[in-house]
Amino acid sequence: MPSILVAYYSHGGNTRKMAQRISQAATEAGCQVEVRKVTDISVESLAQYDGVILGSPCYFGVMAAEMKSFIDKSIKLFGKGELTGKAGGVFCSTGGIGGGGELTMISLLAGLMIHGMVVQGSRKGGHFGPLAIGEPDERALAECDQYGQLVAGLALRLAR
Ligand SMILES: Cc1cc2nc3c(=O)[nH]c(=O)nc-3n(C[C@H](O)[C@H](O)[C@H](O)COP(=O)(O)O)c2cc1C
């Protein structure tokens, strides 16, 4: 069974709620999933998973500093390509439409892609990943469900 880490930063709880919902959906889709706050884990631990999903609130149009610091520290895994070929995905919580949520997700995706990860997009809803405006509502939670299933499906196909 492929393993997935959902690693997030959250101060107010909105991004954490998305992380939990994505985790639940990916678990139901057949993966073993762990949810962790980025400030509680080491970057070295990333290497043990088949997939990694990163989530951050949008702060001043970009990801939170705690998440950027975590991604920067992942340079330790870059040299040997320890994340290359793994499944990846992202999500974001923002304060308002046009507040930088998509920019935040694209920069999160860049972090995964630069490691050589295979990232999941979406035809429906948020194309770059689930995006919540404030506390995740039913629309955002449905996107989290769909996205958790998609990334789990990707991890399952890559593990074959
Ligand atoms: C320091 C800070 C900067 C923020 N900057 C933005 C911003 O540029 N655009 C926006 O839409 N929301 C912004 N917000 C709002 C947060 O993205 C939003 O409240 C989010 O849901 C917080 O997620 P959390 O509950 O997981 O911490 C900012 C919030 C804080 C605390």
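Please read these numbers as outputs of a predicted model, since none were measured by experiment.

Caption draft 1: Structural detail: the overall build of the protein. A count of helical and extended segments in the protein gives 4 helices and 7 strands. If you list the helices and strands of the protein from N to C, you get β-α-β-β-β-α-β-α-β-β-α. Based on the C-alpha atoms only, the size of the protein along its principal axes is roughly 40 × 30 × 25 Å. Across the 160 residues that make up the protein, the buried fraction comes to 51%. Residue pairs in contact within the protein that sit at least 24 positions apart in sequence constitute 80% of those at least 6 positions apart. Here the protein holds 15 positive side-chain charges and 14 negative ones, and the gap between their average locations is 4 Å.

Caption draft 2: How the structure looks around the pairing of strand β2 (residues 32-37). Of the pairings in the sheet, the one linking strand β1 (residues 3-8) to β2 comprises 6 bridges and is parallel in character. Along β2, the bridge assignment pairs Ala7 with Arg36. Traced from β1 through helix α1 (residues 14-28) to β2, the parallel crossover comes out right-handed.

Caption draft 3: Fine view of the pairing of β1. Most of β1 sits inside the fold, with 6 of its 6 residues counted as buried. Here β1 shows no split at all, with Ser3, Leu5 and Ala7 on one side and Ile4, Val6 and Tyr8 on the other all buried. Pairing of β1 with strand β3 (residues 51-59) involves 5 bridges; the strand directions are parallel. By the bridge assignment for β3, Ile4 is matched with Gly51.

Caption draft 4: Geometry of a nonpolar patch on the surface. Taken together, the side chains of Ile75, Phe78 and Ile114 define a hydrophobic patch exposed on the protein surface, amounting to about 320 Å² of accessible area. Within the secondary structure layout, Phe78 lies in the loop between α2 (65-73) and β5 (87-94). Residue Phe78 is classed as partly exposed on the basis of its relative accessible area of 40%.

Caption draft 5: View of the UniProt feature "domain: Flavodoxin-like" (unreviewed entry) in the protein. The feature "domain: Flavodoxin-like" (unreviewed entry), as annotated in UniProt, sits at residues 4-152 in this numbering. For residues 4-152, the helix share is 36%, the strand share is 23%, and the end-to-end C-alpha distance is 8 Å.

What counts and how
Residues numbered from 1 in each chain as written. Predicted model: local features only at pLDDT ≥ 70, side-chain atom pairs only at ≥ 80, totals over all residues. Heavy atoms only, no water. Helix = DSSP H or I, 4+ residues; strand = E, 2+ residues; numbered from the N terminus. Buried < 20%, exposed > 50% of the residue type's maximum accessible area, 1.4 Å probe, protein only. Contact = heavy atoms within 4.5 Å. Lys, Arg positive; Asp, Glu negative; His and termini not counted. Charge placed at Lys NZ, Arg CZ, Asp CG, Glu CD. Pairing = 2+ DSSP bridges. Right-handed = clockwise from strand over helix to strand, strands pointing away. Patch = residues over 30% accessible without salt bridge, like charges linked within 9 Å, V, L, I, M, F, W, Y side chains within 5 Å. Areas by Shrake-Rupley, 256 points an atom, 1.4 Å probe, with all protein chains shown as cover. Salt bridge = Lys/Arg side-chain N within 4 Å of Asp/Glu carboxyl O. UniProt positions renumbered as here; feature names shortened; annotations may be inferred.

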